[in-house]
Amino acid sequence: RKALLAGVDGEATIRHGRNPVEQVVAAAAAADTNILIIGRRPPRGDIKERLVGDNALQIIVGSPCHVLIANWSSEPCRKRILMASDGSRISDILTEVTAQIAKVMHLPVTVLSAVPPGGNRAQAEEDIAEKLGLLKIEGIECTGMIVEKAPEPAIIEAATEIGADLVVIGNDQRKGLSRKLVGQTTDRIVGGLKCAVLVVKRPPEPEALLAAVRNQA
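Computed from a predicted model, the values in this text were never measured in an experiment.

**Student:** Before we go on, may I ask you to explain the nonpolar core in this structure?
**Tutor:** In globular proteins that are soluble, nonpolar side chains generally tend to be buried together. Counting residues in each nonpolar core, the largest one holds 29 residues, and the members touching the most others are L82, I155, V167 and I169. Among the elements that line this core, the one with the most residues is helix 7 (residues 151-162), at four residues. Other than its neighbours up to four places away in sequence, I169 contacts A84, L94, I155, T186, I189, V197, L198, V199 and V200.

**Student:** What exactly am I supposed to notice about the sheet that holds strand 4 (residues 109-114) here?
**Tutor:** Sheet strands pair by backbone hydrogen bonding; their relative direction is either parallel or antiparallel. The strand order across the open sheet built from seven strands is 1-2-7-6-3-4-5, with neighbouring strands paired in mixed fashion. Since the sheet does not close on itself, it has two edges, and those belong to strand 1 (35-39) and strand 5 (142-147), each with one partner. Along the sheet, successive strands turn relative to each other by an average axial angle of 20°, direction set aside. Where helix 7 meets the sheet, it contacts strand 3 (81-84), strand 4, strand 5 and strand 6 (166-171), and its direction lies at approximately 155° from that of strand 4.

**Student:** Before we go on, may I ask you to explain the side chain of K131 in this structure?
**Tutor:** Within the secondary structure, K131 is located in helix 6 (residues 121-137). When near neighbours in sequence (up to four residues on either side) are disregarded, K131 contacts M83, S85, S91, D92, T95 and V111.

**Student:** When you look at the packing of helix 5 (residues 89-105) against helix 6 in this model, what are you seeing that I'm missing?
**Tutor:** A packed helix pair is summarised by two numbers, namely the angle formed by the two axes and the spacing between the axes. Where helix 5 contacts helix 6, the axes come no closer than 10 Å and their chain directions differ by 30°. Taken together, the axes of helix 5 and helix 6 are roughly parallel relative to one another. Judged by the twist between their axes, the crossing of helix 5 over helix 6 is right-handed. In this structure, helix 5 contributes S91, D92, T95 and A99 to the contact, and helix 6 contributes E130, K131, L134 and L135.

About the criteria used
Residues numbered from 1 in each chain as written. Predicted model: local features only at pLDDT ≥ 70, side-chain atom pairs only at ≥ 80, totals over all residues. Heavy atoms only, no water. Core = buried A, V, L, I, M, F, W, Y, C linked by side-chain atoms within 4.5 Å. Buried < 20%, exposed > 50% of the residue type's maximum accessible area, 1.4 Å probe, protein only. Helix = DSSP H or I, 4+ residues; strand = E, 2+ residues; numbered from the N terminus. Contact = heavy atoms within 4.5 Å. Pairing = 2+ DSSP bridges. Axes fitted to C-alpha atoms, helices over the stretch in contact; angles between N-to-C directions. Parallel < 35°, antiparallel > 145°, perpendicular 65-115°, else oblique. Left-handed = near helix turned anticlockwise from the far one by under 90°.

Take a look at the structure:
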């Protein structure tokens, strides 16, 4: 009803199963979803509860599409987008998605590169310059920011400093243990922020997407 009043087309999908995570991921695959939106309850104070939670982490890792996490204190995006780039292949997709959102919402973008102590600052500067160039071609107001810290604290502190109400990060869908570790890093970043976080992922291989839909048919 709210979507109808706002002039947005919508439809309801109900799935049944013992594992909610599997059903959410399968529904996203079956609907050929671009962005899956999930919420986050208020943290209770201890370390475990400050993180997103096991179900949300499994959805982020297993989803075939981008995932937007709306934290309980999130506000509508009206100020600035923070995009974290590490120069990898996923960063190119990150830039494209960020540009699309920024253009529609008429928001400025800050591109952040986190350089751990002893890291290659020159490479980070080159990456930032490339991303800013791509955004400016799209007519987007943008600035660059390099922080000499590990990615997790750098992203959290930068978002707070510039007043970002949307943070865009990448998850490259690795396999095995690396996949789990990347998911945990994403989890800690989301858990440390109050604003909405968009986790951008590489599109899955066509065979993997077809298999996911076939298994839940």
